[in-house]
Amino acid sequence: MSDGSVQQQRQSQPAVPSLEEQLAGGEVLTAVPDRSQWRYRPRRVGMLWRSRTLRVVAVFTVLALCGLVILALVRDQTGTHGFLVGLGLAVLPVPVLMTAFRWLDRVEPGPWRNMLFAFAWGACAAALVAILANSFATRWIATATADPGSADTLGATVIAPVVEESAKAAAVLLLFLFRRREFGGIVDGVVVAGFTATGFAFTENILYLGNAFGEDQQLGSGFASVTAATFFVRAVMSPFAHPLFTVLTGIGFGLAASSARHQRVRRLALPLLGLLLAMGMHALWNGSSSFGPYGFYAVYGAFMVPAFGLVTWLAVWARLRELRTLGIELPEYAAAGWLSPAEPFALSSMRARGMARDIARRRATAAAAEGPYGRPHSHAHHPAYAPAHAHGPAHAHPPISAAARKEGKARGREAARAVAEYESFATSLAFLRRQARRGTAGPDFAERERELLHHLWQRKETARPALTYAAQATGRLRPRSAPAAHRPYPHPAYTQPARPYAGQPYSPPPYANPPYHPLPGPHPLHSPSPPPHRNPNPNRNPNPNPNPNSNPQGYGQQKG
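Residues numbered from 1 in each chain as written. Predicted model: local features only at pLDDT ≥ 70, side-chain atom pairs only at ≥ 80, totals over all residues. Heavy atoms only, no water.

Colleague: Honestly, the side chain of R459 in this entry has me stumped. Any pointers?
Modeller: Mapped onto the elements, R459 comes out in helix α16 (residues 445-473). One polar contact links the side chain of R459 to the main-chain carbonyl oxygen of H455, over a distance of 3.0 Å. Apart from the residues within four sequence positions on either side, R459 is in contact with A418, E421, Y422 and F425. (Helix = DSSP H or I, 4+ residues; strand = E, 2+ residues; numbered from the N terminus. Polar contact = N/O pair within 3.5 Å; in protein donor to acceptor, adjacent residues only side chain to side chain. Contact = heavy atoms within 4.5 Å.)

Colleague: Where do I start with α16 in this structure?
Modeller: In an α-helix, one full turn covers 3.6 residues, which means residues spaced three or four apart are oriented alike. For α16, which comprises 29 residues, the first-to-last C-alpha distance of 35 Å sits more than 12% below the rise-based estimate of 42 Å (1.5 Å per residue). Largest kink in α16: about 75°, centred on K460. G475 sits one or two residues past α16 and shows a positive phi near 80°. (Expected span 1.5 Å × (residues − 1). Bend = angle between axes of the 7 residues up to and from the residue.)

Colleague: Honestly, the nonpolar core in this entry has me stumped. Any pointers?
Modeller: Considering soluble globular proteins, one finds that nonpolar side chains tend to be buried as a cluster. Judged by nonpolar contacts, the single largest core of 64 residues is most densely connected at F183, V190, F195, W285 and M304. Elements that contribute at least two residues to this core include exactly α4 (52-90), α5 (93-104), α6 (112-145), α7 (148-178), α8 (186-219), α10 (241-257), α11 (264-286) and α12 (295-335). Looking at which element gives the most residues to this core, the answer is α6, with 13 residues. (Core = buried A, V, L, I, M, F, W, Y, C linked by side-chain atoms within 4.5 Å. Buried < 20%, exposed > 50% of the residue type's maximum accessible area, 1.4 Å probe, protein only.)

Colleague: Could you clarify how one ought to interpret the environment of A470 in this entry?
Modeller: Within the element layout of this structure, A470 appears in helix α16. On the basis of relative accessibility, which here comes to 0%, the residue A470 falls in the buried class. Separated by 114 residues in the primary sequence, A470 and A356 have C-alpha atoms spaced 5.4 Å apart. Once residues within four sequence positions are removed from consideration, A470 is found in contact with A352, M355 and A356.

Colleague: What exactly am I supposed to notice about the environment of L244 here?
Modeller: If you trace the backbone, L244 turns up in helix α10. What makes L244 buried here is its relative accessible area of 3%. Spatially, the C-alpha atom of L244 lies 7.7 Å from that of V311, the residues being 67 residues apart in sequence. The contacts of L244, once residues within four sequence positions are left out, are M281, M304, A307, F308 and V311.

Colleague: It is not clear to me how a positive patch on the surface should be interpreted in this structure. Could you clarify?
Modeller: On the surface, R405, K409, R413 and R417 cluster together into a positively charged patch. Note on placement: K409 falls in helix α15 (residues 402-438). Exposure remark for K409: the relative accessible area of 48% places this residue in the partly exposed category. (Patch = residues over 30% accessible without salt bridge, like charges linked within 9 Å, V, L, I, M, F, W, Y side chains within 5 Å. Areas by Shrake-Rupley, 256 points an atom, 1.4 Å probe, with all protein chains shown as cover. Salt bridge = Lys/Arg side-chain N within 4 Å of Asp/Glu carboxyl O. Lys, Arg positive; Asp, Glu negative; His and termini not counted. Charge placed at Lys NZ, Arg CZ, Asp CG, Glu CD.)

Colleague: Please clarify how the pattern of salt bridges should be interpreted in this entry.
Modeller: Once the charged atoms of two side chains with opposite charge are near each other, the side chains can pair. Going through the model one piece at a time under the given rule, you end up with 19 salt bridges. Close ionic contact of R448 with D444 constitutes a salt bridge, the shortest N to O distance being 3.8 Å. Each of the salt bridges in this network shares a partner with another, and the network as a whole consists of E329, E332, R433, R437 and E449.

Colleague: For this particular structure, what's the right way to read the packing of aromatic side chains?
Modeller: Ring pairs (aromatic) are described by centroid distance and by the angle formed between their planes. Evaluation of the coordinates by the stated rule reveals 13 aromatic pairs. Between W285 and Y300, the ring centres sit 6.3 Å apart and the planes meet at 45°, which makes this aromatic pair tilted. Taken together, the positions of W285 in helix α11 and Y300 in helix α12 put the pair 15 residues apart, joining distant regions of the chain. Here W285 and Y300 have matching classes, each one buried. Measuring from ring centre to ring centre gives 5.8 Å for W338 and W457, while their planes differ by 80°; the resulting arrangement is edge-to-face. Separated by 119 residues along the polypeptide, W338 in the loop between α12 and α13 (343-347) and W457 in helix α16 bring together distant segments of the chain. Here W338 falls in the buried class, since its relative accessible area comes to 3%. (Phe/Tyr/Trp six-rings, centres within 6.5 Å; stacked < 30°, edge-to-face > 60°.)

Colleague: How do you make sense of the packing of α15 against α16 when you look at a structure like this?
Modeller: For any two helices packed against each other, one specifies the crossing angle of their axes together with the interaxial distance. Relative orientation of the contacting elements α15 and α16 amounts to 140°, with a least axis distance of 8 Å. In the crossing of α15 with α16, the sense of the turn from one axis to the other is left-handed. Considering only residue class, the contact of α15 with α16 consists of 15 nonpolar, 4 polar and 8 charged. (Axes fitted to C-alpha atoms, helices over the stretch in contact; angles between N-to-C directions. Left-handed = near helix turned anticlockwise from the far one by under 90°. Nonpolar A, V, L, I, M, F, W, Y, C, P; charged D, E, K, R; others polar.)

Colleague: Would you mind going over the confidence of the model for the protein chain with me for this structure?
Modeller: Interpretation of this model should avoid reading the predicted coordinates in detail wherever pLDDT is low. Across the protein chain, pLDDT averages 77, with 70% of residues at or above 70. When the criterion is pLDDT under 50, residues 372-392 qualifies, and its contacts beyond four places in sequence or with other chains add up to 23 contacts. In the model, residues 480-536 has pLDDT below 50 throughout and makes 84 contacts with residues more than four positions away in sequence or in other chains. (pLDDT = per-residue confidence, 0-100.)

See below:
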């Protein structure tokens, strides 16, 4: 190409905008359109697996496929009637176990999506892996040793515990890795492991009970023999067997979650130790029948029941420890002004937290249905407010309309939900503070703390009076630690610290401030007036400060 043609092509191209001219005119930043008006968008390279929707769809698809396959396998082994009977009997212990684990997680409940994922993983994925791997290993051992009887015993004692516990531990590992903020301690590990093992035991019970029903059908005994014995052993005597094994793995992951980031050996060794203990206990349980005719009962009474009691005690102790964490960490925020002095006492008690939600719902319902200060004539029968003619049926309470009652219920539910959210955010704040003390909070501790404080500040008007009442009513707030009902001057403990979201200094609102008008009875923060003085001994001088001149015999002496 000649120089003339190149020069002619350059002249035909548009001129490139000058940076100096753009800066001088101030058009570099102002000329950028809004993101919704972009004609070009950045193309994501290697970002496919970062899509949350894709991950959810992939996990759901895998679990659904596993569920269909396991359904077909179990139905093929048990038959249609055996499958339906096994399904109906196997579902009975599931609500009991799920309720127990959910009760254990009431202090800081984990999201239901994690619990449902753990249950589905145990019932579908882990059960499918266990059935396929156990069947393959048993057939391989039988072929290699030419002894099917020993192959079944060896497979149940050695192969099954390793395969099943590893498959169930995979769900705990996945939540530990990808839901790290929702996996903070022993209780979280116990609950996740318990839901996973409950799902696995559910599918396994369908298989065992369905096969037992098939044997009874062949023998013509109905439910009287094998089915009843299998149900009694698996659903009545030992419904906690699989949860007990997997909970040991969950405890290992919970201890690893509460360890500092620099303790890498501890974070790796504890889950492996828990998994090994789960495998060993599972192997002992499966091999108990080979210890003689009474081997099963010996292992059950001497090992399984004490181990279950010990693990239950450990789980309840960890739950109480979580409540104590609130009483340890939250007073610092109360001293800084973010919380009232009574709130840490109420938040560290499950009874007080439930009472706070209940009283908030009742007061908001009454305030919305009857007006901000109760019924229009609520003071008519009080001597300080009632006029001389305010008596009789003419001043009876007017009925509340259905619309006002409906609105009151809606307001009550909203207030109870606000208190529940306040309790949840305060619990997360206390646990975040504990993680910061241990060095496991992460680099975004300050941002997460500010976000939680912002949520608390938005709900304080509804939650604080209810929590204060609950702390006093449950006896958590002792008289010497109760906040004063009124302070004429600001107190240093009630001044708002210099933080974001701190708009105005905090002063505790009066408890009877609408919509929380007092219920009938004495105010929780004010003691009733003392009874009139009565002289217990009529022979003593009733005057507490006697005048020696008027009482020559002296105070306290009997008259002659």
